[in-house]
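Structural description and commentary
Now for the letters of each chain:
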Amino acid sequence: MSGPHGGRPAPVIDVRAVTRSYGHGAAAVQALRGVDLTIEVGEYVAIMGSSGSGKSTLMNVLGCLDVPSSGRYLLDGLDVGRLDEHQLALVRNRRIGFVFQSFNLIPRTTARAQVELPLSYAGVRARERRRRARAALDLVGLSDRADHAPNELSGGQQQRVALARALVTAPALLLADEPTGNLDSHSTREVLGILDRLHEAGRTIVVITHEDEVAARAERVLRLVDGLVVSDRRRSPASAPAAPEPVAAGPLVEGPRR
Amino acid sequence: MNPVEVLRFAVLGLAANKIRTALTMLGVLIGVGAVILLVAVGNGSSKSVQASIQRLGTNLLTVSHTAGGGRFGAAGQGGTLKDLTPEDARALVDKTLAPHVKSAAPVQTTSQSVTYAGQSVTVSQIVGTTPDWFATTNHDLGRGALFGADDVDSRRRVAVLGSTTVENVFGTENPIDKEILVGGVPFRVAGVLRTKGGNGAADSDDTIVLPVTTMRDSLTGYGSLSAIAVQATSSDDTTLAQDEVTSILNNRHRITDSAQSDFRITNQQSLLSANDETNKTFTVLLAAVAAISLLVGGIGITNIMLVTVAERTREIGIRKAIGAPRGAILGQFLAESTLLSVIGGGLGVAAGLFAARFEVVGITPVVVPSSVVGSFAVSVAIGLFFGGYPAARAAALRPIEALRHE
């Protein structure tokens, strides 16, 4: 693992010896067995692993949707474990944008209203909310579908609405849990294209995936097995935006264990 | 997050399932409407009974004979009971012994058939009395003239008819100065009473009033009077007047012990309050039934809110994941249940007030303002209280648990 370079700001994510177990006693399941992880500002990280490897649990912890059983998690230098319920809601609202595999849009609600929702909770005024929602929908290329409810949108469009919703508060961290898992190849390319552009713009992105095509876009790939980080490979940051495909796949699959 | 936003989310939430929302509101509507209407019906019936008692005069005392009064008196029934006589009635009007008695009229009642132009009609109440009776019992003259004291003294055969009797006997013909046969005895019609309006079964306008002397001479004989109608100087003095009447009659009938008493005094005022008690019980009973339906409406809200929360757990998870604070979730669901109960309750008030404008089983409902305010307040409180539990449960969910819910 690479430590923080001198002179850089505090890492966006600084996870130390985090564990998470479910259940009690003999039936207890250890989903995370002590994960250490540091992610710097502007990094584009993919977390890979088979199902049951604990990658979703890690994602939920990173997104403040779940709390670790032990260990420390600093988000932007802030110890999340010490926050109360209300402060956690604020953190989720202001610092984290979450994209889910199953889109998780609110039923019977227009795209515009979906995107405005985090701003409503943040207490942004209606006019400002509308302006920023329009900008976010523009960014994902859906300004013409703003008045459509989720059931009137394709899967790819729904995921782009979810992306706009995650981005509209300008969070420090964008977390995506299998964002392309339910999408066809065309929609996958669209969503990945948006993530690339966000990365170029300097946004910190963490993507969970089991698809090499998705991981190939990232400049750093973590591999999780049985609740432990087993590999952490970094491609040369300079080459990240350009021509990723040929280089990526090979080393990722056979990458040496740490 | 401002209250307008919370309200907007609540309205959107309710609009998402219109039929369920409408049915829940209907439950509250029926509850609130029923409380208002049933309390109004109870109140209305109480008011109408009170009004009819008041029409008789609240300062009226009725002295009746213990043996019930009768044509042939109680003298035959053991000999100890003395008759109520017209002299007793006269003795009650005494400025020194009975300063609170304004007037006293002997009342002799019977039932006879009346014949006019060969047609015979039965009149339910024929009253023999003195002119004081008209004022004492609030009977006003409609047409013609009442009989006077000299008519009583000289035993003239004159009659004053109630409006229903006039209609039954004469139809549209003018009855004044016509001759009718009452129990075979000819009487001249002197006047017609103003319509009083009946209450319930007995039509108080189906009556004939005759001078008591004439009546005892020719129709009923000289037994005990049916009653003596006594008017107190005011409705506040009825108790004093009652004491005075009791002492005069005890004296006249030589009664030393109340067990020997051969007369009974009923007081309209006490009748009124007794009736009031009965009606209060009746109203409370109706209100209790209505309150149960209101409670059922409240349970309906709780049920719907529980279902809503269960059904939308995932949505709650999404909202929490994008940073909804606990207060916003709680506010949204509380606002939904409160809206349900406020709109349902409001419509219930409207429905109750509307229905109270119609007669219900012969009773004109009189809306009690406190029942309107009370039932509306209770419905809103039910919304807040019963909606609060599911809302609090929803708000307390951890985002990841809520998100995993299917």
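- Per an unreviewed UniProt entry, chain B is named Peptide ABC transporter permease, and its organism is Embleya hyalina.
- The UniProt entry for chain B carries this comment under Sequence similarities (unreviewed entry): "Belongs to the ABC-4 integral membrane protein family."
- Regarding chain B, the relevant UniProt record gives this comment under Subcellular location (unreviewed entry): "Cell membrane".

- Per an unreviewed UniProt entry, chain A goes by the name Macrolide ABC transporter ATP-binding protein and belongs to Embleya hyalina.

**Comments concerning the pattern of salt bridges**
- Inspection of the entire model under this criterion finds 29 salt bridges over all chains.
- For E43(A), the salt bridge is made with R220(A), and the minimal N-O distance between the two is 3.0 Å. Of the two residues, E43(A) is situated in the loop between β2 (29-39) and β3 (44-48) and R220(A) in strand β9 (residues 220-225); the sequence distance between them amounts to 177 residues.
- For R220(A), a relative accessible area of 0% puts it in the buried group.
- When the shortest N-O distance is used, the salt bridge between R155(B) and D217(B) registers 3.0 Å. Taken as a pair, R155(B) in the loop between α5 (149-153) and β5 (158-161) and D217(B) in helix α7 (residues 212-220) lie far apart in primary sequence, 62 residues in all.

**Things to note about the interface of chain B and chain A**
- Each side of the interface is counted separately: chain B has 24 residues, and chain A has 25 residues.
- Between chain B and chain A the total buried area reaches about 2,200 Å² when both faces are included, carbon and sulfur atoms providing 57% of it.
- Measuring nitrogen to oxygen at the nearest pair gives 3.8 Å for the salt bridge that ties E85(A) to R326(B).
- Residue assignment for the side of chain B that touches chain A shows that the elements contributing at least two residues are α1 (3-15), α10 (313-321), α11 (326-355) and α13 (399-404) of chain B.
- Ranked by the residues each element gives to the side of chain B that touches chain A, the list is headed by α10(B), at six residues.

**Describing the sheet that holds β2(A)**
All names here are of chain A.
- Strand order in the open sheet formed by four strands is β2-β1-β4-β5, with antiparallel pairing between adjacent strands. If you trace the sheet from one side to the other, it starts and ends with β2 and β5 (78-79), each paired once.
- Of the strands in this sheet, β1 (13-22), β2 and β4 (70-75) touch helix α1 (residues 55-62), which is tilted by about 55° from β2.

**Comments concerning the confidence of the model for chain B**
All names here are of chain B.
- Per-residue confidence for chain B gives a mean pLDDT of 83, with 93% of residues at or over 70.
- No element of chain B has a lower mean pLDDT than helix α9 (residues 268-311), at 79, and none a higher one than β5, at 92.
- Scored below 50 in pLDDT, residues 68-78 makes 20 contacts in the model with residues more than four places away or belonging to other chains.
- Both scores are available for the predicted complex, with the pTM at 0.64 and the ipTM at 0.84.

**Comments concerning the UniProt feature "transmembrane region" (unreviewed entry) in chain B**
Residue and element names in this part refer to chain B.
- Residues annotated in UniProt with the feature "transmembrane region" (unreviewed entry) correspond here to residues 21-42, 282-307, 328-354 and 366-389.
- In this annotation, residues 21-42 is assigned 100% helix and 0% strand; the end-to-end C-alpha distance for the span is 32 Å.
- Each end of residues 328-354 is marked by a C-alpha atom, and these two atoms are 38 Å apart; helix forms 100% of the span and strand 0%.

**Structural notes on the sheet that holds strand β7 (residues 173-177) of chain A**
Residues and elements named next belong to chain A.
- With mixed pairing, six strands are arranged side by side in an open sheet as β6-β7-β8-β3-β9-β10. Of all strands in the sheet, those bounded by a partner on one side alone are β6 (96-99) and β10 (228-234). When strand polarity is set aside, the average angle formed by the axes of neighbouring strands in this sheet is 15°.

**Comments concerning the confidence of the model for chain A**
- With 88% of its residues at a pLDDT of at least 70, chain A reaches an overall mean of 84.
- With pLDDT under 50 throughout, residues 238-258 of chain A is counted as low confidence; its partners more than four residues away or in other chains account for 19 contacts.

**Brief notes about the packing of α1(B) against α11(B)**
All names here are of chain B.
- Between α1 and α11, whose axes approach to 8 Å, the crossing angle comes to 60°. You can see that α1 and α11 cross each other, and the crossing is right-handed. Contact residues: V6, L7, F9, A10, V11, G13 and L14 in α1; G331, Q332, A335, E336, L339 and L340 in α11.
- The residue makeup of the contact of α1 with α11, split by class, is nine nonpolar, three polar and one charged.

**Some remarks on helix α6 (residues 185-200) of chain A**
Residues and elements named next belong to chain A.
- Helix length check: α6, at 16 residues, gives a terminal C-alpha distance of 22 Å against a target of 22 Å (1.5 Å per residue), a fit within 8%.
- For α6, the set of buried residues is S187, T188, V191, L192, I194, L195, D196, L198 and H199.
- Elements that come into contact with the buried residues of α6 comprise β3, α4 (126-139), α5 (155-167), β7, β8 (204-209) and α7 (212-215).
- N-cap assignment for α6: the residue whose side-chain oxygen lies 3.2 Å from the backbone N of H186 is D184.
- Directly after α6, the chain includes G202, whose backbone phi takes a positive value near 95°.

**Here we look at the environment of S226(B)**
Residues and elements named next belong to chain B.
- Position of S226 among the secondary structure elements: in the loop between α7 and β9 (227-232).
- We classify S226 as buried; its relative accessible area is 16%.
- Residues S226 and P106, 120 residues apart in the sequence, show an inter-C-alpha distance of 8.0 Å.
- In terms of polar contacts, S226 uses its side chain to reach the backbone amide nitrogen of T109, at 2.9 Å.

**What about a nonpolar patch on the surface?**
- On the surface, I19(B), L23(B), L26(B) and I30(B) cluster together into a nonpolar patch covering about 410 Å² of accessible area.
- Within the secondary structure, I19(B) sits in helix α2 (residues 18-56).

**Concerning a positive patch on the surface**
- On the surface, R125(A), R127(A), R130(A) and R134(A) cluster together to form a positively charged patch.
- Position of R134(A) among the secondary structure elements: in helix α4.

Procedures and definitions
- Residues numbered from 1 in each chain as written.
- Chains lettered and ligands numbered in written order.
- Predicted model: local features only at pLDDT ≥ 70, side-chain atom pairs only at ≥ 80, totals over all residues.
- Heavy atoms only, no water.
- UniProt positions renumbered as here; feature names shortened; annotations may be inferred.
- Salt bridge = Lys/Arg side-chain N within 4 Å of Asp/Glu carboxyl O.
- Helix = DSSP H or I, 4+ residues; strand = E, 2+ residues; numbered from the N terminus.
- Buried < 20%, exposed > 50% of the residue type's maximum accessible area, 1.4 Å probe, protein only.
- Contact = heavy atoms within 4.5 Å.
- Buried area = accessible area lost by both parts, 1.4 Å probe.
- Pairing = 2+ DSSP bridges.
- Axes fitted to C-alpha atoms, helices over the stretch in contact; angles between N-to-C directions.
- pLDDT = per-residue confidence, 0-100.
- Left-handed = near helix turned anticlockwise from the far one by under 90°.
- Nonpolar A, V, L, I, M, F, W, Y, C, P; charged D, E, K, R; others polar.
- Expected span 1.5 Å × (residues − 1).
- Polar contact = N/O pair within 3.5 Å; in protein donor to acceptor, adjacent residues only side chain to side chain.
- Patch = residues over 30% accessible without salt bridge, like charges linked within 9 Å, V, L, I, M, F, W, Y side chains within 5 Å.
- Areas by Shrake-Rupley, 256 points an atom, 1.4 Å probe, with all protein chains shown as cover.
- Lys, Arg positive; Asp, Glu negative; His and termini not counted.
- Charge placed at Lys NZ, Arg CZ, Asp CG, Glu CD.

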